[in-house]
Amino acid sequence: MNTKSKRSTQLSRFWKILGPGLVTGASDDDPSGIATYSQAGAAYGLSTLWTSLVAFPLMAAIQQMCARIGLVTSQGLTGALKNHYPRPILYIMLLFSFPAIIMNIGADIAGMGAVGNLLFPSIDATYFSVLFTIILLGLIIYLPYQKIASTLKYLCIVMLVYFIVPFLYKQDFAQILKATFIPSIKFDKDFMGILVGILGTTISPYLFFWQASVEVEEMNKNTKHLMVNKKIIHEMKEDVDFGMTFSGFVMYFIILTTGTVLYNGGIHQIDTVEQAAMALKPLAGNLAYLLFAIGIIGTGLIAIPVLSGSLSYIVTETFGWEQGLNKKFHEAKAFYTIIGISLLLGLSLNYIGISPIKALIYTAILYGLTAPVLIAIILHISNNKKVMGKFTNGRTSNILGFAALIIMTAAAIALLYLQFFN
């Protein structure tokens, strides 16, 4: 076999390994996340670029733990909570997760609709929001899991547009390198608020539930994966690491784009994703604007199935109902009904007076409060030999996991202080 064929075979094998980790990483950079990163860049230039380097290992460590829990226990994170922890903890997680995920879905649908209106001004944004909701609902219900997983995986390619946009504008590479590797922190309310927002949107609790549950789906679709071994764990780590790296790069390039183009152009306040896209047009040209806008719609198409799916996994596993994207509608009616309700409730936020920005603020608060508790539980499960057998955490996983716990706890305290006491 020649070198070219070998390389092609290796790439094909690697692409086959990629799945839940890649989709999870891509969904982390949803329209609401893009709005947060865009505001960080517009308000503070390149000052928050370093956060992508800090967030990546923390994200990867937590998502690997969740994936391992799913693979070893053959159940989602909710099932592990249900079987090994007091029921009140499970119900509190459900109580906090439900409104947070609904508001996140609503903000993403609104963002996609607004960007659709930017691309086609003659069509009202609400029509686009309804259209995207109907398309997503139809695809989730009628496509089998393998097709959904494959579609989401290929949709991730759309996000490569964010790797191009910054280079359509003249960059100062020395300044970029400095901002990337030398942290810059301003101890004021607004800057700390942005840092908390970045952490809240990158290390989100709904991703924990999705990762564990979808690993079970992947395992169930292939009978060869019923017995967990080191090879499967290694492939999972490759998938998660690549997905989180991909997510971190997208985050990095969005901050880079808005931190150079918008900040240097005197635009320091971005409240929505469509504002970010529109602001790029006169400063960086039509191509940058168009690519940025297309990326927003693509990320929404990835993130909303993940958001609604994770909520449905949480609810159905809590009450012991049939669940799974690998099942048809008549086999798991409650599972798909919850997905449908979550999409419709998210869409309805556009009509009951809750703005996308307010929805994002409330979502960040709820995520910020639940993330530290969930991370602590995930660490406990991952180190419990009765549950995990020989696949408990290693030293590196624990160091990164506890670092994530400390940072997210500090973020939650800061979030409460900034929101209610200052």
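Residues numbered from 1 in each chain as written. Predicted model: local features only at pLDDT ≥ 70, side-chain atom pairs only at ≥ 80, totals over all residues. Heavy atoms only, no water.

**Student:** With reference to specific residues and values, describe the overall build of the chain.
**Tutor:** Within the chain, the regular secondary structure consists of 19 helices and 0 strands. Against the compact-globule benchmark of 22 Å for 422 residues, the chain has a radius of gyration of 20 Å, which places it among compact chains. When the 422 residues of the chain are sorted by exposure, 56% land in the buried category. For the chain, contacts bridging at least 24 residues in sequence account for 82% of all contacts bridging at least 6. (Helix = DSSP H or I, 4+ residues; strand = E, 2+ residues; numbered from the N terminus. Rg over C-alpha atoms; globule rule 2.2 N^0.38 Å. Buried < 20%, exposed > 50% of the residue type's maximum accessible area, 1.4 Å probe, protein only. Contact = heavy atoms within 4.5 Å.)

**Student:** Before we move on, could you go through the packing of aromatic side chains and cite the residues and values that matter?
**Tutor:** By the definition in use, this model includes 14 aromatic pairs. Here the aromatic rings of F319 and W321 are separated by 5.2 Å at their centres, their planes lie at 25°, and the arrangement is stacked. The exposure class of F319 is partly exposed, given its relative accessible area of 43%. Residue classification places W321 among the partly exposed positions, given a relative accessible area of 42%. One aromatic cluster is present, formed by F163, F242, F246, F249, Y252 and F253 through successive ring pairs. (Phe/Tyr/Trp six-rings, centres within 6.5 Å; stacked < 30°, edge-to-face > 60°.)

**Student:** With reference to specific residues and values, describe unusual backbone geometry.
**Tutor:** Look at S74: it is not a glycine, yet its phi comes out positive at around 55°. Locating S74 in the fold gives a position in the loop between helix 4 (51–73) and helix 5 (77–84). Look at S74 and you get partly exposed, because its relative accessible area is 42%.

**Student:** Mind laying out empty space enclosed by the protein, listing which residues take part and the relevant values?
**Tutor:** Applying the stated criterion across every chain yields a total of 5 cavities of 30 Å³ or more. One number sums up the size of the second largest cavity: a volume of about 50 Å³. Around the second largest cavity, the lining residues are V196, L199, G200, A364, G368, M408, A411, A412 and L415. If you tally residues by element for the lining of the second largest cavity, the top one is helix 19 (residues 395–421), at 4 residues. Tallied by class, residues from the lining of the second largest cavity come to 7 nonpolar, 2 polar and no charged. (1 Å grid on protein atoms, 1.4 Å probe; cavity = no way out; pocket = protein on both sides within 12 Å on 5 of 7 lines; lining within 4 Å. Points joined across faces, edges and corners; volume = space filled by probe spheres on them. Nonpolar A, V, L, I, M, F, W, Y, C, P; charged D, E, K, R; others polar.)

**Student:** Provide a residue-level description of the packing of helix 7 (residues 125–142) against helix 15 (residues 286–319), including the pertinent values.
**Tutor:** Their axes nearest at 11 Å, the elements helix 7 and helix 15 cross at an angle of 55°. Relative to helix 15, the element helix 7 lies oblique. Relative to helix 15, the crossing made by helix 7 is right-handed. Of helix 15, the residues touching helix 7 (which contributes F132, L136 and I140) are I297, L301, I304, P305 and S308. Taken together, the residues that form the contact of helix 7 with helix 15 break down as 7 nonpolar, 1 polar and no charged. (Axes fitted to C-alpha atoms, helices over the stretch in contact; angles between N-to-C directions. Parallel < 35°, antiparallel > 145°, perpendicular 65-115°, else oblique. Left-handed = near helix turned anticlockwise from the far one by under 90°.)

**Student:** Describe the packing of helix 5 against helix 15, and please don't skip the residues or the numbers.
**Tutor:** Relative to each other, helix 5 and helix 15 sit at 30°, their axes nearing to 8 Å. With respect to each other, helix 5 and helix 15 are oriented roughly parallel. In the packing of helix 5 onto helix 15, the handedness of the crossing is right-handed. Contacts from L77, T78, G79 and K82 in helix 5 reach Y313, I314, E317, T318 and F319 in helix 15. Taken together, the residues of the contact of helix 5 with helix 15 sort by class into 4 nonpolar, 3 polar and 2 charged.

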